[in-house]
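# Chain and residue survey
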Amino acid sequence: MSAGVSPALLAAFTTTTDPGMAPVATPFFFYLLSGLAILGGFLVITRRNPVHCALSLIVTLIAMAHLYLMLYAPFVAAVQIIVYAGGIMVLFLFVIMLVSVERASKDRRFNRIWPVGLAAACALMALFVSAFVKGRALFPDPIIAIPEGSNTQQVASMLYGEAGRMGQYTFAFEIASLLLLVAILGAVIMTKKKI
Amino acid sequence: MVPITTFHYLVVAAALFVLGVIGVLTRRNVVIMLMSIELILNAVNLNLVAFSRMWGRLDGQIFAIFIVVDAAAEAAVGLGILIAFFRNKETINVDEIDLLKW
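Residues numbered from 1 in each chain as written. Chains lettered and ligands numbered in written order. Predicted model: local features only at pLDDT ≥ 70, side-chain atom pairs only at ≥ 80, totals over all residues.

Each assigned domain of chain A is listed here: domain 1 (24-107) and domain 2 (149-195). Relative to domain 2 of chain A, the C-alpha centre of domain 1 of chain A lies at a distance of 24 Å. (Domains from an automatic or database assignment.)

All names here are of chain A. You can see Ala65 is positioned in helix α3 (residues 50-70). On a C-alpha basis, the gap between Ala65 and Phe75 in space is 9.7 Å, while along the polypeptide they are 10 residues apart. Apart from the residues within four sequence positions on either side, Ala65 is in contact with Ala77, Gln80 and Ile81. (Helix = DSSP H or I, 4+ residues; strand = E, 2+ residues; numbered from the N terminus. Contact = placed C-beta atoms within 7 Å.)

Our next topic: the interface of chain A and chain B. Interface size is commonly expressed as the accessible surface area that is lost when the partners come together. Contacts between chain A and chain B engage 75 residues on the former and 62 residues on the latter. Elements that contribute at least two residues to the side of chain A that touches chain B include exactly α2 (26-46), α3, α4 (74-99), α6 (114-135), α7 (151-160) and α8 (170-190) of chain A. In terms of residue count, the dominant contributor to the side of chain A that touches chain B is α4(A) (14 residues).

Here we come to unusual backbone geometry. Residues and elements named next belong to chain A. Despite not being glycine, Tyr72 has its phi angle at roughly 60°, a positive value. Within the secondary structure layout, Tyr72 lies in the loop between α3 and α4. For Tyr72, a count of 21 C-beta atoms within 10 Å corresponds to the buried category. (Buried ≥ 20, exposed ≤ 12 C-beta atoms within 10 Å, placed from the backbone.)

As C-alpha coordinates, then:
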(Lines give C-alpha, C1' and ligand atoms only; values in the text may rest on other atoms or scores of the structure.)
Protein backbone atom coordinates (compact mmCIF):
# COMPACT_ATOMS: atom_id res chain seq x y z
CA MET A 1 0.00 0.00 0.00
CA SER A 2 1.14 3.51 -0.63
CA ALA A 3 3.34 4.91 2.06
CA GLY A 4 2.33 8.43 1.20
CA VAL A 5 -1.08 8.46 2.87
CA SER A 6 -0.94 10.52 6.01
CA PRO A 7 -1.67 8.49 9.16
CA ALA A 8 -4.20 11.03 10.35
CA LEU A 9 -6.18 10.68 7.16
CA LEU A 10 -5.96 6.92 7.37
CA ALA A 11 -7.03 6.84 11.00
CA ALA A 12 -9.99 9.08 10.30
CA PHE A 13 -11.43 6.56 7.89
CA THR A 14 -10.34 3.22 9.33
CA THR A 15 -13.27 1.01 10.12
CA THR A 16 -11.74 -2.38 10.72
CA THR A 17 -12.02 -2.11 14.48
CA ASP A 18 -15.75 -1.52 14.26
CA PRO A 19 -17.57 -4.86 14.75
CA GLY A 20 -20.59 -3.50 12.95
CA MET A 21 -18.62 -3.38 9.68
CA ALA A 22 -17.54 -7.03 9.69
CA PRO A 23 -18.71 -8.93 6.62
CA VAL A 24 -21.69 -11.24 7.05
CA ALA A 25 -23.06 -14.12 4.99
CA THR A 26 -20.08 -13.95 2.64
CA PRO A 27 -20.51 -17.41 1.00
CA PHE A 28 -24.18 -16.73 0.31
CA PHE A 29 -23.49 -13.43 -1.41
CA PHE A 30 -20.48 -14.80 -3.24
CA TYR A 31 -22.36 -17.74 -4.73
CA LEU A 32 -25.39 -15.61 -5.55
CA LEU A 33 -23.34 -12.91 -7.29
CA SER A 34 -21.00 -15.24 -9.12
CA GLY A 35 -23.94 -17.41 -10.24
CA LEU A 36 -25.65 -14.28 -11.51
CA ALA A 37 -22.48 -13.17 -13.32
CA ILE A 38 -21.96 -16.55 -14.98
CA LEU A 39 -25.62 -16.83 -15.93
CA GLY A 40 -25.45 -13.35 -17.44
CA GLY A 41 -22.31 -14.32 -19.34
CA PHE A 42 -23.97 -17.45 -20.65
CA LEU A 43 -26.97 -15.45 -21.82
CA VAL A 44 -24.69 -12.97 -23.59
CA ILE A 45 -23.25 -15.65 -25.82
CA THR A 46 -26.47 -17.52 -26.54
CA ARG A 47 -29.25 -15.00 -27.07
CA ARG A 48 -30.41 -14.31 -30.59
CA ASN A 49 -31.49 -10.73 -30.10
CA PRO A 50 -28.46 -8.44 -29.55
CA VAL A 51 -30.43 -6.19 -27.21
CA HIS A 52 -31.00 -9.17 -24.92
CA CYS A 53 -27.26 -9.83 -25.00
CA ALA A 54 -26.52 -6.23 -24.05
CA LEU A 55 -28.96 -6.37 -21.13
CA SER A 56 -27.45 -9.65 -19.91
CA LEU A 57 -24.02 -8.07 -20.09
CA ILE A 58 -25.28 -5.18 -17.95
CA VAL A 59 -26.48 -7.73 -15.37
CA THR A 60 -23.06 -9.38 -15.45
CA LEU A 61 -21.27 -6.05 -15.03
CA ILE A 62 -23.35 -5.04 -12.05
CA ALA A 63 -22.88 -8.47 -10.44
CA MET A 64 -19.15 -8.06 -10.89
CA ALA A 65 -19.28 -4.61 -9.33
CA HIS A 66 -20.83 -6.26 -6.28
CA LEU A 67 -18.02 -8.82 -6.30
CA TYR A 68 -15.51 -5.98 -6.29
CA LEU A 69 -17.30 -4.57 -3.26
CA MET A 70 -16.87 -7.92 -1.56
CA LEU A 71 -13.18 -7.72 -2.38
CA TYR A 72 -12.89 -4.38 -0.59
CA ALA A 73 -12.52 -2.35 -3.78
CA PRO A 74 -15.32 0.22 -3.64
CA PHE A 75 -13.68 2.64 -6.06
CA VAL A 76 -13.26 0.02 -8.77
CA ALA A 77 -16.88 -1.02 -8.21
CA ALA A 78 -18.08 2.55 -8.66
CA VAL A 79 -15.92 3.02 -11.78
CA GLN A 80 -17.31 -0.23 -13.16
CA ILE A 81 -20.93 0.82 -12.71
CA ILE A 82 -20.51 4.39 -13.89
CA VAL A 83 -18.14 3.85 -16.82
CA TYR A 84 -18.73 0.28 -17.91
CA ALA A 85 -22.42 -0.33 -17.26
CA GLY A 86 -23.38 3.30 -17.63
CA GLY A 87 -21.21 4.39 -20.54
CA ILE A 88 -19.89 1.54 -22.60
CA MET A 89 -23.09 -0.48 -22.58
CA VAL A 90 -25.14 2.57 -23.52
CA LEU A 91 -22.74 3.02 -26.46
CA PHE A 92 -23.31 -0.61 -27.40
CA LEU A 93 -27.07 -0.16 -27.27
CA PHE A 94 -26.90 2.93 -29.45
CA VAL A 95 -24.85 1.07 -32.04
CA ILE A 96 -27.20 -1.93 -31.89
CA MET A 97 -30.07 0.39 -32.61
CA LEU A 98 -28.20 1.95 -35.52
CA VAL A 99 -26.87 -1.23 -37.01
CA SER A 100 -29.15 -4.17 -36.34
CA VAL A 101 -31.41 -4.78 -39.26
CA GLU A 102 -34.32 -7.13 -38.85
CA ARG A 103 -32.59 -9.71 -40.97
CA ALA A 104 -29.84 -10.12 -38.40
CA SER A 105 -32.22 -11.41 -35.74
CA LYS A 106 -33.54 -14.08 -38.06
CA ASP A 107 -30.09 -15.24 -39.13
CA ARG A 108 -28.43 -18.27 -37.68
CA ARG A 109 -26.85 -17.52 -34.35
CA PHE A 110 -23.60 -19.42 -34.58
CA ASN A 111 -20.82 -19.71 -37.11
CA ARG A 112 -20.44 -22.42 -39.69
CA ILE A 113 -17.41 -23.74 -37.79
CA TRP A 114 -18.72 -23.44 -34.27
CA PRO A 115 -17.49 -26.90 -33.16
CA VAL A 116 -13.92 -25.77 -33.75
CA GLY A 117 -14.43 -22.70 -31.58
CA LEU A 118 -16.08 -24.77 -28.89
CA ALA A 119 -13.22 -27.29 -28.96
CA ALA A 120 -10.66 -24.50 -28.63
CA ALA A 121 -12.55 -23.04 -25.68
CA CYS A 122 -12.77 -26.48 -24.07
CA ALA A 123 -9.01 -26.87 -24.47
CA LEU A 124 -8.59 -23.51 -22.76
CA MET A 125 -10.90 -24.58 -19.95
CA ALA A 126 -8.94 -27.82 -19.55
CA LEU A 127 -5.78 -25.74 -19.23
CA PHE A 128 -7.39 -23.60 -16.55
CA VAL A 129 -8.69 -26.63 -14.65
CA SER A 130 -5.28 -28.29 -14.68
CA ALA A 131 -3.65 -25.06 -13.50
CA PHE A 132 -6.18 -24.74 -10.69
CA VAL A 133 -5.93 -28.36 -9.59
CA LYS A 134 -2.14 -28.32 -9.55
CA GLY A 135 -1.69 -24.87 -8.14
CA ARG A 136 -4.43 -24.70 -5.57
CA ALA A 137 -1.99 -24.77 -2.69
CA LEU A 138 -0.03 -21.87 -4.12
CA PHE A 139 -2.43 -19.12 -3.14
CA PRO A 140 -1.73 -18.04 0.41
CA ASP A 141 -4.49 -17.15 2.78
CA PRO A 142 -5.82 -13.77 1.79
CA ILE A 143 -7.62 -11.15 3.73
CA ILE A 144 -4.96 -8.82 4.82
CA ALA A 145 -7.26 -6.18 6.08
CA ILE A 146 -7.44 -3.12 3.89
CA PRO A 147 -9.18 -0.27 5.64
CA GLU A 148 -11.90 0.25 3.14
CA GLY A 149 -12.89 3.71 4.25
CA SER A 150 -9.76 5.19 2.74
CA ASN A 151 -9.70 3.18 -0.46
CA THR A 152 -10.52 6.15 -2.68
CA GLN A 153 -7.92 8.31 -0.95
CA GLN A 154 -5.24 5.70 -1.46
CA VAL A 155 -6.19 5.15 -5.10
CA ALA A 156 -6.08 8.91 -5.59
CA SER A 157 -2.67 9.21 -4.00
CA MET A 158 -1.35 6.46 -6.22
CA LEU A 159 -2.82 7.97 -9.36
CA TYR A 160 -2.31 11.67 -8.77
CA GLY A 161 0.37 11.84 -6.12
CA GLU A 162 0.21 14.07 -3.11
CA ALA A 163 2.16 16.68 -1.19
CA GLY A 164 4.18 17.70 -4.21
CA ARG A 165 5.24 14.18 -5.24
CA MET A 166 4.12 12.30 -8.27
CA GLY A 167 2.08 9.22 -7.54
CA GLN A 168 3.20 5.78 -8.55
CA TYR A 169 0.95 5.67 -11.59
CA THR A 170 0.71 9.31 -12.61
CA PHE A 171 2.56 8.72 -15.86
CA ALA A 172 0.28 5.83 -16.76
CA PHE A 173 -2.69 8.04 -15.93
CA GLU A 174 -1.52 10.68 -18.40
CA ILE A 175 -0.94 8.03 -21.06
CA ALA A 176 -4.47 6.76 -20.45
CA SER A 177 -5.92 10.19 -21.08
CA LEU A 178 -3.90 10.39 -24.31
CA LEU A 179 -5.34 7.01 -25.24
CA LEU A 180 -8.86 8.28 -24.69
CA LEU A 181 -8.15 11.36 -26.81
CA VAL A 182 -6.86 9.21 -29.67
CA ALA A 183 -9.87 6.89 -29.37
CA ILE A 184 -12.29 9.82 -29.51
CA LEU A 185 -10.56 11.27 -32.55
CA GLY A 186 -10.50 7.90 -34.27
CA ALA A 187 -14.16 7.19 -33.59
CA VAL A 188 -15.26 10.62 -34.81
CA ILE A 189 -13.18 10.48 -37.97
CA MET A 190 -14.19 6.97 -38.86
CA THR A 191 -17.89 7.68 -38.69
CA LYS A 192 -17.78 10.81 -40.82
CA LYS A 193 -19.22 10.44 -44.29
CA LYS A 194 -16.61 12.63 -45.92
CA ILE A 195 -13.21 12.87 -44.24
CA MET B 1 -19.31 -23.83 4.69
CA VAL B 2 -15.78 -23.42 3.37
CA PRO B 3 -14.64 -19.80 3.62
CA ILE B 4 -14.40 -17.94 0.36
CA THR B 5 -10.74 -17.60 -0.61
CA THR B 6 -8.99 -15.97 -3.55
CA PHE B 7 -9.21 -19.27 -5.39
CA HIS B 8 -12.99 -19.05 -5.63
CA TYR B 9 -12.75 -15.67 -7.33
CA LEU B 10 -10.17 -17.04 -9.77
CA VAL B 11 -12.50 -19.87 -10.73
CA VAL B 12 -15.32 -17.41 -11.42
CA ALA B 13 -12.96 -15.27 -13.47
CA ALA B 14 -11.79 -18.30 -15.48
CA ALA B 15 -15.39 -19.34 -16.16
CA LEU B 16 -16.28 -15.88 -17.43
CA PHE B 17 -13.12 -15.84 -19.55
CA VAL B 18 -14.02 -19.16 -21.20
CA LEU B 19 -17.57 -17.94 -21.83
CA GLY B 20 -16.17 -14.82 -23.48
CA VAL B 21 -13.83 -16.88 -25.66
CA ILE B 22 -16.72 -19.08 -26.76
CA GLY B 23 -18.71 -15.98 -27.62
CA VAL B 24 -15.91 -14.51 -29.72
CA LEU B 25 -15.26 -17.73 -31.59
CA THR B 26 -18.81 -18.88 -32.29
CA ARG B 27 -21.13 -15.93 -32.80
CA ARG B 28 -21.77 -14.37 -36.20
CA ASN B 29 -23.00 -10.98 -35.06
CA VAL B 30 -20.09 -8.55 -34.76
CA VAL B 31 -21.68 -6.55 -31.93
CA ILE B 32 -22.06 -9.70 -29.85
CA MET B 33 -18.44 -10.59 -30.55
CA LEU B 34 -17.44 -7.19 -29.18
CA MET B 35 -19.60 -7.78 -26.12
CA SER B 36 -17.86 -11.12 -25.57
CA ILE B 37 -14.55 -9.28 -25.63
CA GLU B 38 -15.88 -7.02 -22.88
CA LEU B 39 -16.75 -10.17 -20.94
CA ILE B 40 -13.14 -11.34 -21.28
CA LEU B 41 -11.87 -7.98 -20.03
CA ASN B 42 -14.15 -8.18 -17.03
CA ALA B 43 -12.88 -11.63 -16.18
CA VAL B 44 -9.33 -10.26 -16.16
CA ASN B 45 -10.47 -7.37 -13.97
CA LEU B 46 -11.92 -9.77 -11.42
CA ASN B 47 -8.64 -11.67 -11.40
CA LEU B 48 -6.68 -8.49 -10.77
CA VAL B 49 -8.90 -7.22 -7.98
CA ALA B 50 -8.89 -10.65 -6.29
CA PHE B 51 -5.10 -10.71 -6.30
CA SER B 52 -4.98 -7.13 -5.10
CA ARG B 53 -7.08 -8.24 -2.15
CA MET B 54 -4.86 -11.23 -1.52
CA TRP B 55 -1.67 -9.22 -1.29
CA GLY B 56 -3.19 -6.24 0.45
CA ARG B 57 -1.85 -3.81 -2.15
CA LEU B 58 -3.77 -1.47 -4.37
CA ASP B 59 -1.79 -2.02 -7.56
CA GLY B 60 -4.29 -4.58 -8.87
CA GLN B 61 -7.14 -2.16 -8.43
CA ILE B 62 -5.27 0.59 -10.27
CA PHE B 63 -4.57 -1.83 -13.09
CA ALA B 64 -8.27 -2.73 -13.16
CA ILE B 65 -9.22 0.94 -13.48
CA PHE B 66 -6.85 1.30 -16.40
CA ILE B 67 -8.35 -1.77 -18.04
CA VAL B 68 -11.81 -0.20 -17.76
CA VAL B 69 -10.44 2.95 -19.45
CA ASP B 70 -8.86 0.85 -22.16
CA ALA B 71 -12.08 -1.12 -22.69
CA ALA B 72 -13.97 2.12 -23.19
CA ALA B 73 -11.50 3.33 -25.82
CA GLU B 74 -11.49 0.00 -27.61
CA ALA B 75 -15.29 -0.29 -27.59
CA ALA B 76 -15.60 3.19 -29.08
CA VAL B 77 -13.09 2.50 -31.84
CA GLY B 78 -14.42 -0.98 -32.59
CA LEU B 79 -17.99 0.23 -32.84
CA GLY B 80 -16.85 3.13 -35.01
CA ILE B 81 -15.24 0.67 -37.39
CA LEU B 82 -18.43 -1.38 -37.37
CA ILE B 83 -20.60 1.60 -38.21
CA ALA B 84 -18.25 2.68 -40.99
CA PHE B 85 -18.31 -0.79 -42.45
CA PHE B 86 -22.06 -1.07 -42.09
CA ARG B 87 -22.41 2.01 -44.21
CA ASN B 88 -20.57 0.25 -47.01
CA LYS B 89 -22.18 -3.15 -46.90
CA GLU B 90 -25.39 -3.53 -44.96
CA THR B 91 -24.44 -6.51 -42.88
CA ILE B 92 -23.15 -7.22 -39.40
CA ASN B 93 -22.60 -10.87 -40.09
CA VAL B 94 -18.93 -11.60 -39.68
CA ASP B 95 -19.09 -14.38 -42.25
CA GLU B 96 -20.07 -11.86 -44.89
CA ILE B 97 -17.32 -9.38 -44.05
CA ASP B 98 -14.85 -10.81 -46.53
CA LEU B 99 -13.96 -7.95 -48.84
CA LEU B 100 -10.24 -8.64 -48.38
CA LYS B 101 -10.46 -12.28 -49.39
CA TRP B 102 -8.77 -13.32 -52.60
